[in-house]
Amino acid sequence: MKSCSLNDFMQELEPWLDNDHIKEAFIDDGGHLTLLFTDGMKNVYGIDDCNKTQVEAVLQDLKDKGIPVTF
């Protein structure tokens, strides 16, 4: 798991949005934002400077971009 700020996460996420790299995004049982990639990789993020509502807003944005999201 990688701990980061919401801003750092958004910057890291940006290049992956240009292509079909992200297979699915969800919040796991521990409350961490998890990304599954089409190449089989998995990244888990502990975003430590925001609340659940803000993380859910990020997930909604990903869903609006066509990425499968589970809330």
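Residues numbered from 1 in each chain as written. Predicted model: local features only at pLDDT ≥ 70, side-chain atom pairs only at ≥ 80, totals over all residues. Heavy atoms only, no water.

K.L.:
Tell me about the pairing of strand β3 (residues 33-37), residues and numbers included.
P.N.:
Burial analysis of β3 places 4 of its 5 residues in the buried class, which makes it a mostly covered element. For strand β2 (residues 22-27) and β3, the ladder comprises 5 bridges, and the chain directions are antiparallel. Its bridge partner being in β3, Ala25 is matched across the sheet by Leu35. The hairpin turn running from β2 into β3, its antiparallel successor, is 5 residues long, and Gly31 in that turn takes a positive phi close to 85°. Looking at chain direction, β3 and strand β4 (residues 42-47) are connected through 4 bridges and run antiparallel. Residue pairing in the sheet places Thr34 in a bridge with Val44 of β4. Hairpin connection from β3 to β4: 4 residues lie between these consecutive antiparallel strands, with Gly40 at a positive phi of about 95°. (Buried < 20%, exposed > 50% of the residue type's maximum accessible area, 1.4 Å probe, protein only. Helix = DSSP H or I, 4+ residues; strand = E, 2+ residues; numbered from the N terminus. Pairing = 2+ DSSP bridges.)

K.L.:
Residues and numbers for the pattern of salt bridges, please.
P.N.:
By the definition in use, this model includes 3 salt bridges. Salt-bridge contacts for Lys2 lead to Glu12; the nearest nitrogen and oxygen are separated by 2.4 Å. Of this pair, Lys2 sits in strand β1 (residues 2-4) while Glu12 sits in helix α1 (residues 6-13), placing them 10 residues apart in sequence. On the basis of relative accessible area, Lys2 is assigned to the partly exposed category, the value being 39%. For Glu12, a relative accessible area of 24% corresponds to the partly exposed category. (Salt bridge = Lys/Arg side-chain N within 4 Å of Asp/Glu carboxyl O.)

K.L.:
Talk me through α1; I want residue IDs and the actual numbers.
P.N.:
Among all positions of α1, only Leu6, Phe9 and Leu13 are buried. Looking straight down α1, one finds that the buried residues subtend no more than 60° of arc, so they occupy a single side. Looking at the buried residues of α1, the elements they touch are β1, β2, β3, β4 and α2 (52-64). (Arc of directions from axis to C-beta. Contact = heavy atoms within 4.5 Å.)

K.L.:
Account for the sheet that holds β3, with residues named and values stated.
P.N.:
Strands sit in the order β1-β4-β3-β2-β5 across an open sheet of 5 strands; the sheet is mixed. Where the open sheet ends on each side, the last strands, each with one partner, are β1 and β5 (69-70). Looking at chain direction, β2 and β5 are connected through 2 bridges and run parallel. Following the sheet pairing, Phe26 is matched in β5 by Thr70.

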